[in-house]
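Okay, here's what each chain looks like letter by letter:
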Amino acid sequence: MGFNIENHFFDQSEGKSIFYYKGNIDSELINQVLDTVEDQLIRDNEHPRVRKRVYNVLVESLQNLYHHVDMAPEDFEDQSVKFGLFSVNKVDEGYKILTGNFVRSDNVKRLEERINRINRSSHEEIKELYKFILNHQRISAKGGGGLGLVDIARKTGNKLEYTMKKYDDDFSFFCLNIFVNRKN
Amino acid sequence: MEPIIIEGTPKTPTIRFDASEGIFEIKGRSIPENSVEFYKPLVEWLDNYKEAPLDKTVVNIRLEYFNTSSSKCILDVFKKLEAIHKAKNDVEVNWFYEEDDEDMLEAGEDYESIIRVPFKMIEIND
């Protein structure tokens, strides 16, 4: 079983590439990505509001990978502790941030329910959900606050588009496709 | 009490907490992977300050970016300030946001709705 992760990932990407990476997601890499993308947005004369929104969403999506990815299957070519893929692309109406990572089968349902709950909510409900989690949930052992996805949905004002494809009996491959509009 | 002064880095904010003047400032970017580690000493310092605060404490929050894990730590800072306020001391939070940065204004309003301390929203025009 299994399939080509990179092809599957690129099937979902569109636009002009600003950054692409496949491998271990560590703190140093996150710094480098943030610097590169921020410089590019400044060079492109993006409106500060768009620039900040892309930056914020990028921080959350990369740190989601950093805190939450499950280790890849044992027979997978890359055995990094925090293996993931991501790309930042420019499209006509804004920016697309695509992330990809393995999810253990027993975590699939929980993640999907989490996303579906956010996607069923109105903007006002997402705002309330954010405040509720902020005020009532402690930071987890992994270091995440449980707010990342909610924050991404709130800041972009868009639904969280994702795919979850079964990789083998123990793993699925998860892709999150985030769209930051220039207007909103 | 010794003040806390921490210079900012690309991922952590500049901190100036001065107990003798009662002016506390958090400024810059707060996007570390491990925000608890960064904020823990600040929260502990506020615990001590809380024992004998000045009549008036002014808190200036001038953040350009913060990540969601910092948002919880910043709430912990505000909760300490709320306790000082509750003990009948004057506490005022100035929440600065750059012109057009609605997201940062909304973030300030989130805290304002959770924490019972007077907030002032101040727009910065460059």
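Every chain is numbered independently, its residues counted from 1 as its sequence is written. The lettering of chains begins at A and the numbering of ligands begins at 1, in the order of writing. Whole-chain, interface and lining totals are the exception, using all residues; otherwise, since this is a predicted model, local features are given only for residues with pLDDT of at least 70 and side-chain atom pairs are given and counted only at 80 or more.

**Overview of the sheet that holds strand β1 (residues 4-6) of chain B**
Residues and elements named next belong to chain B.
Alright, step 1. By this definition, two strands are paired if DSSP reports at least two bridges between them. Each helix corresponds to a stretch of at least 4 residues labelled H or I by DSSP, and each strand to a stretch of at least 2 residues labelled E; elements are numbered beginning at the N terminus. Pairing in this open sheet of 6 strands is mixed, and the strands run β1-β2-β3-β4-β5-β6 from one edge to the other. Both edges of this open sheet fall to β1 and β6 (119-124), since each of them pairs with a single strand only. Adjacent strand axes in the sheet meet at a mean angle of 15° when their direction is disregarded.
Alright, step 2. As paired elements, strand β3 (residues 23-30) and strand β4 (residues 56-66) share 8 bridges and run parallel to each other. Between N-to-C directions, angles cover 0 to 180 degrees, with each direction set by a line fitted to C-alpha atoms, over the stretch in contact for helices.

**Comments concerning the nonpolar core**
Alright, step 1. Note on terminology: a nonpolar core is any set of buried Ala, Val, Leu, Ile, Met, Phe, Trp, Tyr and Cys residues joined through C-beta atoms within 7 Å. To sort residues by exposure, count the other C-beta atoms lying within 10 Å of each residue's C-beta; 20 or more gives buried, 12 or fewer gives exposed, and values between give partly exposed, all with C-beta atoms placed from the backbone. One finds Val57, Leu58, Leu62, Ile97 and Phe102 of chain A together with Leu42 and Val77 of chain B to be the most contacted residues of the largest nonpolar core, which totals 67 residues.
Alright, step 2. For the purpose of contact definition, each residue receives a C-beta atom placed from its backbone, and two residues are in contact when these atoms lie within 7 Å. The contact partners of Val77 of chain B, leaving out residues within four places of it in the chain, are Tyr39, Leu42, Val43 and Leu46 of chain B.

**Observations regarding the sheet that holds strand β3 (residues 94-104) of chain A**
Residues and elements named next belong to chain A.
Alright, step 1. Pairing within the open sheet is antiparallel, and its 5 strands lie in the order β1-β2-β3-β5-β4. Each end of this open sheet is capped by a strand with a single partner; those strands are β1 (16-24) and β4 (161-166). Pairs of neighbouring strands in the sheet enclose a mean axial angle of 10°, with direction left out of account.
Alright, step 2. As judged from the 6 bridges shared by β4 and strand β5 (residues 171-181), these two strands associate in the antiparallel manner. Note that in β5 the partner of Glu161 across the bridge is Asn177.
Alright, step 3. Strands β2 (83-91), β3 and β5 of the sheet are contacted by helix α3 (residues 48-68), whose axis makes an angle of about 10° with β3.
Alright, step 4. Lying on the sheet, helix α4 (residues 105-120) is in contact with β3, β4 and β5; it crosses β3 at an angle near 145°.

**A word on the interface of chain B and chain A**
Alright, step 1. Across the contact, 18 residues belong to chain B and 23 residues belong to chain A.
Alright, step 2. Elements with a contribution of two residues or more to the side of chain B that touches chain A: α2 (68-86) and α3 (102-114) of chain B.
Alright, step 3. With 5 residues, α2 of chain B is the largest single contributor of residues to the side of chain B that touches chain A.
Alright, step 4. Basically, the charged four are Asp, Glu, Lys and Arg, the nonpolar ten are Ala, Val, Leu, Ile, Met, Phe, Trp, Tyr, Cys and Pro, and anything else, Gly included, counts as polar. Looking at the side of chain B that touches chain A, its residues break down into 6 nonpolar, 6 polar and 6 charged.

**Considering helix α1 (residues 35-49) of chain B**
Residue and element names in this part refer to chain B.
Alright, step 1. For a helix, the expected span equals 1.5 Å multiplied by the number of residues minus one. Taking 1.5 Å of rise per residue, 15 residues should cover 21 Å, and α1 covers 21 Å from first to last C-alpha, within 8% of that figure.
Alright, step 2. The set of residues buried in α1 consists of Ser35, Phe38, Tyr39, Leu42, Trp45, Leu46 and Tyr49.
Alright, step 3. Looking at the buried positions of α1, the neighbouring elements they touch are β1, β2 (14-18), β3 and α2.

**Here we look at the pairing of β5 of chain A**
All names here are of chain A.
Alright, step 1. Most of β5 sits inside the fold, with 8 of its 11 residues counted as buried.
Alright, step 2. Pairing analysis gives 11 bridges linking β3 to β5, with the strands arranged antiparallel. When the sheet's bridge partners are listed, Asn101 is paired in β5 with Phe174.
Alright, step 3. Counting the residues in the hairpin turn of β4 and β5 gives 4 residues.

**Side note on the confidence of the model for chain B**
Low-pLDDT stretches of the model should not have their predicted coordinates read in fine detail.
Alright, step 1. Per-residue confidence from the predictor is reported as pLDDT, which spans 0 to 100. Averaged over every residue, the pLDDT of chain B is 96; residues scoring 70 or more account for 100%.
Alright, step 2. Here the predicted complex scores 0.95 on pTM and 0.94 on ipTM.

**A word on the environment of Glu125 of chain A**
Residues and elements named next belong to chain A.
Alright, step 1. Following the sequence through the fold, Glu125 ends up in helix α5 (residues 123-136).
Alright, step 2. Judged by local crowding, Glu125 falls into the exposed class, with 12 C-beta atoms found within 10 Å.
Alright, step 3. For the pair Glu125 and Phe83, spaced 42 residues apart in sequence, the C-alpha separation works out to 33 Å.

**What about unusual backbone geometry?**
Glycine aside, negative phi is the norm for most residues, and most peptide bonds take the trans geometry.
Alright, step 1. With a phi close to 55°, Asn45 of chain A is a non-glycine residue in the positive phi region.
Alright, step 2. By the element assignment, Asn45 of chain A lies in the loop between α2 (27-43) and α3.
Alright, step 3. Judged by the 7 C-beta atoms lying within 10 Å of it, Asn45 of chain A is exposed.
Alright, step 4. Look at Lys88 of chain B: it is not a glycine, yet its phi comes out positive at around 65°.
Alright, step 5. For Lys88 of chain B, the location among the structural elements is in the loop between α2 and β5 (90-98).

**Notes on the packing of α5 of chain A against α3 of chain B**
Geometrically, a packed helix pair is captured by the angle between its two axes and the distance between the axes.
Alright, step 1. Two elements in contact, α5 of chain A and α3 of chain B, have axes separated by 11 Å at closest approach and are oriented at 60°. One element, α5 of chain A, and the other, α3 of chain B, form an angle in the oblique class. The element α5 of chain A and its partner α3 of chain B pack so that their crossing is right-handed. Each of Lys131, Leu134 and Asn135 of chain A in α5 of chain A lies in contact with α3 of chain B, whose residues at this interface are Asp110, Ser113 and Ile114 of chain B.
Alright, step 2. Split into classes, the residues belonging to the contact of α5 of chain A with α3 of chain B amount to 2 nonpolar, 2 polar and 2 charged. Orientation categories follow fixed angle ranges, with anything under 35 degrees roughly parallel, anything over 145 roughly antiparallel, 65 to 115 roughly perpendicular, and all other angles oblique. What makes a crossing left-handed is the near helix being turned counterclockwise from the far one by less than a right angle; a clockwise turn instead makes it right-handed.

**What about the environment of Lys90 of chain A?**
Alright, step 1. Within the fold, Lys90 of chain A resides in strand β2.
Alright, step 2. Residues in contact with Lys90 of chain A, not counting those within four places in the same chain, are Gly15, Lys16, Ile18 and Tyr95 of chain A.

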